[in-house]
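Structure assessment
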Amino acid sequence: MATPDPQLELLRGTLDMLILKVLALGANHGYAIAQRLQQISQDFFRVHQGSLYPALHRLEDRGWVQAEWHPSETGRDAKFYALTRKGRKQLETEMVNWERLCAAVGLVLHCSE
Amino acid sequence: MHWLRRIWHKARSEKELDAELRFHLDRQIADNLAVGMSAQEARRQALLTLGGLERVKEEVRAAHWETRLENLLRDFHYAFRSLRKDYRFAATTILALSLGIGASTVIFSIIYNGLLRPFPYKNASRLMTFSIHDLQSPDAQGSGRGDRGGFTSAELLTFQQHRAAFEDLIGFMSEEVSFSNGQDTLQVHAARVTPNTFQSLGVEPLLGRSIIPEDASPGQTLVFAMNYRLWQQHFGGDPKIVGSRFSIGGANRTLVAIMPPRFQINPEGSDLWIPTLPNLADSAIPMNAAEPMHLWWPLGHVREGLQTQAVSNDLNLIAQRLAKSFPELYPPRFAVVPQPFADVVVGNFRSTLYALMGAVAILLLITCTNVVNLLLARASTREKEIAVRLTVGATRARLIGQLLFENFLLALAGAVVGCLFAYWGLRGFLLMLPAGTLPAEAAINLNPTVLLFALAMTVFAALLSGVVPTVRSLRGDTWSCLATGNKGTGGHAQGQRLRSALVVAEVALSIVLLVGAGLMIRTLFALTRVDLGFQPSDMLVTEVSFPDGRSRTAQEKKVYFEQGFQRLASLPGVLEATTTASLPPYGGPGSDIELAGQASPAQASVRLDLCSTGFLRTIGLQLLRGRFLSPSEIASAQTVVVIDETFARSFFGESDPIGRKIKFKVLDLIPDAPHNAYFEIIGLVSSIKNRGLRDSPAPQAYLPYTTFATPRATILVRTSTDPRLLENSVHQAIRSVDTRVSLSDTAPLTTYLARFDYASPEFGITAFGAFAGIGLLLASLGIFGLMAYAVALQSHEIGIRLALGARQANILVMTTIKGMRLVLLGIAMGLFGSYFLTRLIASQVWGISPTDAWTFAGVALLVISSGLLACYIPARRASKLDPLVALRYE
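Counting starts from 1 at the beginning of each chain's written sequence and moves along it residue by residue. As a convention, the first chain written is A and the first ligand written is 1, with the rest following in written order. Under the rules for a predicted model, residues below a pLDDT of 70 receive no local features and side-chain atom pairs below 80 are neither given nor counted, while totals for whole chains, interfaces and linings still include all residues. Hydrogens are left out, water is left out, and the side-chain values use all remaining heavy atoms of the structure.

Focus on the overall build of chain A
For clarity, the threshold we go by: Here a strand is any run of E in DSSP of at least two residues, a helix any run of H or I of at least four, and the numbering for each starts at the N terminus. Only protein chains enter the accessibility calculation, which uses a 1.4 Å probe; a residue whose area is less than 20% of its type maximum is buried, one above 50% is exposed, and one in between is partly exposed.
When helices and strands are counted, chain A shows four helices and three strands. Beginning at the N terminus, the succession of helices and strands in chain A can be written as α-β-α-α-β-β-α. Going through the 113 residues of chain A one by one, you find that 42% of them count as buried.

Pasting the structure below:
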């Protein structure tokens, strides 16, 4: 795997939102979350593990996700993260905010003179 | 509350984090292998993407800390906001807490610094003194009878030699000496101390060198040490005077040490300390009846771990031997009583302080009850808020954390304000403290240990009282609470009962405090209305001390006073003047008597005063029979005596005492007094108080003041106007007779009475009164809070009643009665408790019974009226409710 492009380091808040979104699709462990992010974004996001795990633990501390140990698809126990009710609410808020931000940025950028 | 669990299971969570990251690493390696990397390359690449296991772990840990900090800040913000919203609640709680902390810190600081740790001396807690207690007649005054705390040189040396219970033993003796630097002469208080004193007490001098036992060896230069205050006042704190020579009582001595301010030893205070070897040859008690001085007062360190009983046994053994060698000095049956040094000074005041400690403990209880009550009230109004937060996903642990944080903030604020109260309160207390009630060495300040203890106690109380309502509100059924739309849950009735019980307890406890304060007020009232037997107003008093503490001869004394009386008589406004041995209402030293031609009664102790002719008119005594001492009888020191009614009644019954003869045994001990002389009774006068305000008069005899010489005397002046106007002229007139005689302040007798006889009860009243007032305020607040809350809860019901036609007055009475039932229950319990508890302060109560009905009734009335007020305000609000608004409410 190639070294992640430093330019594509995500802002913390954005990474949190993306993780919540991936978990909204179903509970998963850290490695799979990174894989899913990379896959869905068509290899655009290569999440640095040094950002991923602090982010997951932070989300857990805030009560947005909760973790449990389950056997993974390989049979070995892994720590699975699942979205909580509070986390789902948070994701909704952040998505709305993000879309409003994008729309606003778009309006500014595409404005014809 | 993940972070809390994380603290408790730190090791486990570390292990979990490691397992989680290893899982990630292994999956990455597996995937790398799957795309065809070599085993080594796959591992290297995987580690690279992960960025090093330890680094990732570090970052995860940092993320946790960040959240913790954020949570803390958020809790703080939340707590602060919710307290600000409820500022009245917050202010009341903080006030209650700070009053409790402040009052208890003040009292415990005084007890700690004044009673438990007053001395700056080495191992001061083991310092003890001892005295001889006459088991038969402790009050007797005569050859070898009565209690005595001083010992002759021979006795002290014997105790020093055979002391098994004491590590060391020092002796001190106070003395008035003239102190001169060649130009000026001062009269100062000196203490002769045994030469081992400074080493035994282990206090280094501020300047100069310590005095060592060798300084008193024969042939050595004579030395002495000086008190800090004298050094500051008369020598401006000049360090160069150390090493100078002074004349002390006629002998030249070199000043070698200035002692620090807290060094004292002698409870009467001393300006100089003179190391002196007790002289073995000196075995008699050269006791001057008026001044039981020139005796050594013993003081020493008791051996570690020794019980008082063992010390007592050891001392009694030595004393029994001494009693054989000096039978004339010892009563037939006696015991040597060891006593902690602090007790000598503190004495009776100890019981006042302990009573105050009890009062402050009760006040602290009221405070805590009040705070619990307030928190309960607040918790019950917040049940809905808590229920809402629970349903939106807040964890219970986190809610408890937040609520506790709020209580913690309250406690902290209470602690800070409490410290301020304690600081100012202590200053106030020290100003009020009667003179001479605590050792001069004691440095009373806010004691950090005490402060911390009070803080810990109240913070603990606040947190504990916070947990109960918090847990209770969390246990409540969330759904029913939300569904009913009530402000609280079904736990109401139970909560109200608990709060009612707390209010009853508060009222009962404040009754106890109020009864204590009431009894003290009645005591002072009784004391100020005591009939002294004479009129104390319009009298001026001065105490004179003759130079070098050596009594002048009776003849010299006569010249001095005659000149004095002449000068006083020429002052306008002075009606009459006299001299006495001591200040009224004290009637001079005691003496045993023998009656001529009559078997001596077993208990024949009388008071002996030394007067001039003016005494009768100055005091305003009634002459009942015969005549008073005439000027010629005084001038020639005739052996005649005037007795009072009590005397006549005690020893002569109904028969006429005039012409009978009495021998005063104490005179035999006084060198220049007539020995074995019988005094003829020439007059009978009315009785006045002669044992202080509290005790009934003892038999009193008045002798010519020229009978023998004394080191001190009192001058009393009867004035025709306000005595304060004459203070200066009288003082100057007496001073002009002989400037070497030192005078105390010239002041009205009533001022002296206030300072020595009323100060202690006044102090008790102010302190007890303040605590009782705070207690009553808190209890009233408790009643008010409970009633206001009850009215808020019942506004619906009240609205219905009003709508159905109940009159406002009915509602008012109904609500008030409800509150007053609690108040009355509290009063009943409080009075019942006081009935037993007031016995503990019986020693402070005088002139009335400790269960004085008037006090109890007055206190009950006071609490009923403040309870009525506290109930009336919420009840009035209830009666003014608009039924429509009340029904629509909620």
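Moving on from the model shown.
Here we look at the overall build of chain B
Note the threshold: We take the radius of gyration over the C-alpha atoms and set the globule estimate at 2.2 Å times the residue count to the 0.38 power. In this description, contact between two residues means that some pair of their heavy atoms is separated by no more than 4.5 Å. Only the protein chains shown count as covering a residue, and every accessible area follows the Shrake-Rupley method with a 1.4 Å probe. His is not counted here, nor are the chain ends, while Lys and Arg score as positive and Asp and Glu score as negative. Throughout, a charge is located at the NZ atom of Lys, the CZ atom of Arg, the CG atom of Asp or the CD atom of Glu.
Of regular secondary structure, chain B possesses 25 helices and 22 strands. The C-alpha radius of gyration computed for chain B amounts to 38 Å, which surpasses the reference 29 Å derived for 890 residues by more than 25%, pointing to a less compact arrangement than a globule. The buried share among the 890 residues of chain B stands at 53%. Counted over contacts in chain B with a minimum sequence separation of 6, partners at least 24 positions apart contribute 81%. Summing over all exposed atoms, chain B offers an accessible surface of approximately 39700 Å²; the carbon and sulfur share of this is 59%. Charged side chains of chain B number 82 positive and 70 negative; the gap between the two group centres comes to 9 Å.

Observations regarding the sheet that holds strand β1 (residues 28-29) of chain A
Residues and elements named next belong to chain A. Defined as follows: Two strands qualify as a pair provided DSSP detects at least 2 bridges between them.
Strands sit in the order β1-β3-β2 across an open sheet of three strands; the sheet is antiparallel. At either margin of the open sheet sits one strand with a lone partner, and together these are β1 and β2 (65-71). Examined bridge by bridge, β1 and strand β3 (residues 77-83) share two bridges and lie antiparallel to one another. Bridging from a neighbouring strand, H29 pairs with F80 of β3.

Observations regarding the confidence of the model for chain A
Do not read the fine detail of predicted coordinates wherever pLDDT is low. We apply this condition: pLDDT is a per-residue confidence score from the predictor, ranging from 0 to 100.
On average, residues of chain A score 82 in pLDDT, and 88% of them are at 70 or above. Overall, residues 1-8 of chain A carries pLDDT values under 50, and its contacts beyond four positions in sequence, including any with other chains, amount to nine contacts.

Regarding the pattern of salt bridges
Residues and elements named next belong to chain B. In plain terms, the rule: Criterion for a salt bridge: a side-chain nitrogen of Lys or Arg within 4 Å of a carboxyl oxygen of Asp or Glu.
A full pass over the atoms with the stated rule returns 24 salt bridges over all chains. The shortest N-O distance in the salt bridge between E167 and R126 comes to 2.8 Å. Taken together, the positions of E167 in strand β2 (residues 166-180) and R126 in the loop between α5 (87-116) and β1 (127-134) put the pair 41 residues apart, joining distant regions of the chain. Salt bridges sharing partners connect three or more residues here, namely D18, R22, E54 and K57.

Topic: the pairing of strand β20 (residues 712-719) of chain B
Residues and elements named next belong to chain B. Counting buried positions over the eight residues of β20 gives seven, a clear majority of the element. In this structure, strand β11 (residues 539-545) lies alongside β20, joined through seven bridges in antiparallel fashion. Pairing of L540 across the sheet is with V717, part of β20. The pairing of strand β12 (residues 574-580) with β20 spans six bridges and is antiparallel. Each bridged residue has a counterpart across the sheet, and for E576 the counterpart in β20 is R718.

Re the interface of chain B and chain A
To keep things clear, this is the line we draw: Summed over both partners, the accessible surface that disappears when two parts come together, traced with a 1.4 Å probe, is what is meant by buried area. Each polar contact in these results corresponds to two N or O atoms within 3.5 Å; when the atoms are within protein, one needs to be able to donate a hydrogen and the other to accept it, and residues that are neighboring in sequence are counted only if both atoms are side-chain atoms. All amino acids are sorted into three groups, where Ala, Val, Leu, Ile, Met, Phe, Trp, Tyr, Cys and Pro are nonpolar, Asp, Glu, Lys and Arg are charged, and the leftover types, Gly among them, are polar.
Taken together, the contact pairs 31 residues of chain B with 28 residues of chain A. Summing the contributions of chain B and of chain A, the shared interface buries around 2800 Å²; its carbon and sulfur component is 52%. Joining chain B to chain A, the criterion identifies three salt bridges. Residue B:D26 pairs with A:R76 through a salt bridge whose shortest N-O separation is 2.6 Å. Taken together, the connections running from chain B to chain A amount to nine residue pairs in polar contact (both at pLDDT 80 or more). Those elements that provide at least two residues to the side of chain B that touches chain A are α1 (2-8), α2 (10-34), α3 (39-50) and α4 (53-85) of chain B. Per element, the largest residue contribution to the side of chain B that touches chain A is 12 residues, and it comes from α2(B). Within the side of chain B that touches chain A, the residues separate by chemical class into 10 nonpolar, 10 polar and 11 charged.

Topic: helix α23 (residues 808-837) of chain B
Which entries qualify depends on this criterion: By this rule the span expected of a helix is its residue count minus one, scaled by 1.5 Å.
Over its 30 residues, α23(B) runs 43 Å from end to end, which matches the ideal 44 Å to within 8%, given 1.5 Å per residue. Taken residue by residue, α23(B) has B:I811, B:T815, B:T816, B:G819, B:M820, B:L822, B:V823, B:G826, B:I827, B:G830 and B:S834 as its buried positions.

Focus on the packing of helix α2 (residues 30-40) of chain A against helix α3 (residues 49-61) of chain A
Residue and element names in this part refer to chain A. Rule in force here: Only the stretch in contact is used when fitting a helix axis, every axis being a line fitted to C-alpha atoms; angles between N-to-C directions are given from 0 to 180 degrees. Reported orientations rely on four angle classes, namely roughly parallel under 35 degrees, roughly antiparallel over 145, roughly perpendicular from 65 to 115, and oblique for the rest. A clockwise turn of the near helix away from the far one marks a right-handed crossing, whereas an anticlockwise turn of less than a right angle marks a left-handed crossing.
The geometry of α2 relative to α3 is characterised by a closest axis approach of 11 Å and an angle of 120° between their N-to-C directions. Here α2 lies oblique to α3, going by the angle between them. With respect to the hand of their crossing, α2 and α3 are arranged in right-handed fashion. Of the residues in α3, those in contact with G30, Y31, I33 and A34 of α2 are Q49, L52, Y53 and L56. Residues that form the contact of α2 with α3 fall into these classes: six nonpolar, two polar and no charged.

Regarding the layout of surface pockets
All names here are of chain B. Operational definition: In this analysis a 1.4 Å probe is tested at points of a 1 Å grid over the protein atoms alone, and where it fits but cannot get out there is a cavity; an open set with protein on both sides within 12 Å along at least five of seven lines is a pocket; lining residues have an atom within 4 Å of a point. Grid points are joined across faces, edges and corners, and a volume is the space filled by probe spheres set on the points.
Space inside the second largest pocket adds up to approximately 1100 Å³. For the second largest pocket, the lining is made up of 32 residues, of which D86, R88, F89, T381 and A788 are closest to its centre. Among the elements of the structure, α4, α5, α11 (349-381), α22 (749-803) and α25 (883-888) are those that each provide at least two residues to the lining of the second largest pocket. Ranked by residue count, the leading element in the lining of the second largest pocket is α22, at 10 residues. Within the lining of the second largest pocket, the residues separate by chemical class into 16 nonpolar, six polar and 10 charged.

Re the environment of B:T707
Inspection of the secondary structure assignment puts B:T707 in the loop between β19 (700-704) and β20. Within the structure, B:T707 has its side chain in polar contact with the backbone oxygen of B:P704 (distance 2.6 Å).

Details of the side chain of B:S270
Residue and element names in this part refer to chain B. For S270, the position within the fold is in the loop between β7 (251-258) and β8 (272-275). Engagement of the side chain of S270 in a polar contact is seen with the side chain of W273, the distance being 3.3 Å. With sequence-adjacent residues up to four places away left out, S270 is seen in contact with H189, A190, A191, N227 and Q264.

Remarks on the packing of aromatic side chains
All names here are of chain B. Formally: Pairing of aromatic rings covers Phe, Tyr and Trp, the last through its six-membered ring, and needs centres within 6.5 Å; plane angles under 30 degrees mean stacked, over 60 mean edge-to-face, and all others mean tilted. Definition used: whenever NZ (Lys) or CZ (Arg) falls within 6 Å of the ring centre and also within 35 degrees of the ring normal, the charge is taken to sit over that ring.
For the structure shown, the criterion picks out 34 aromatic pairs over all chains. Pairing F76 with F80 gives two aromatic rings, centres 6.2 Å apart and planes at 15°, and the pair type is stacked. Here the residue F76 and the residue F80 both occupy positions in helix α4, the gap between them amounting to four residues, near one helical turn. Take F80: its relative accessible area is 45%, and that puts it in the partly exposed class. A ring pair is formed by F429 and F763, whose centres lie 5.5 Å apart and whose planes are at 85°; its orientation type is edge-to-face. Remark: F763 occurs in helix α22 and F429 occurs in helix α13 (residues 396-432); sequence separation between them is 334 residues. Classification of F429 by relative accessible area gives buried; the value is 10%. The exposure class assigned to F763 is buried, which follows from its relative accessible area of 1%. Cluster of aromatic residues (ring-pair linked, three or more members): F119, Y121, F172, F198, F263, W273 and F341. Residue placement shows R148 over the ring face of Y330; its charged tip is 5.1 Å from the ring centre. Over the aromatic face of Y835 sits the side chain of R839, whose NZ or CZ is 5.3 Å from the ring centroid.

Brief notes about unusual backbone geometry
Residue and element names in this part refer to chain B. Residue P585 is bonded to the preceding P584 through a cis peptide linkage, with omega at 5°. Examined against the element boundaries, P585 turns out to sit in the loop between β12 and β13 (590-595). Despite not being glycine, D538 has its phi angle at roughly 60°, a positive value. Mapped onto the secondary structure, D538 falls in the loop between α16 (492-528) and β11. Here N676, not a glycine, exhibits a phi torsion of approximately 55°, which is positive. Here N676 is to be found in the loop between β17 (661-664) and β18 (678-685).

Focus on the packing of helix α17 (residues 554-569) of chain B against helix α21 (residues 727-735) of chain B
Residues and elements named next belong to chain B. In contact at an axis separation of 9 Å, α17 and α21 are set at 145° when each is read in the N-to-C sense. Judged by the twist between their axes, the crossing of α17 over α21 is right-handed. Taken together, the residues of α21 that come into contact with α17 (itself represented by Y560, R567 and L568) are V730, A733 and I734. For the contact of α17 with α21, a count of residues per class yields five nonpolar, no polar and one charged.

A look at the nonpolar core
Using the following cut-off: Residues enter a nonpolar core if they are buried and are Ala, Val, Leu, Ile, Met, Phe, Trp, Tyr or Cys, with the set joined through side-chain atoms within 4.5 Å. The split of the chain into domains comes from an automatic or database domain assignment.
With 150 residues, the main nonpolar core has B:V544, B:L568, B:F664, B:L667 and B:F771 as its most contacted residues. Considering each element in turn, this core owes the most residues, 17 residues, to α22(B). Three or more residues apiece are contributed to this core by two domains, here domain 3 (349-528 + 756-889) and domain 4 (547-740) of chain B. If we ignore the near neighbours within four places in the chain, the residues touching B:L568 are B:V574, B:A577, B:I715, B:V717, B:V730, B:A733 and B:I734. Residues A:M17, A:L56, A:L59 and B:V56 belong to the second largest nonpolar core, which totals 32 residues.

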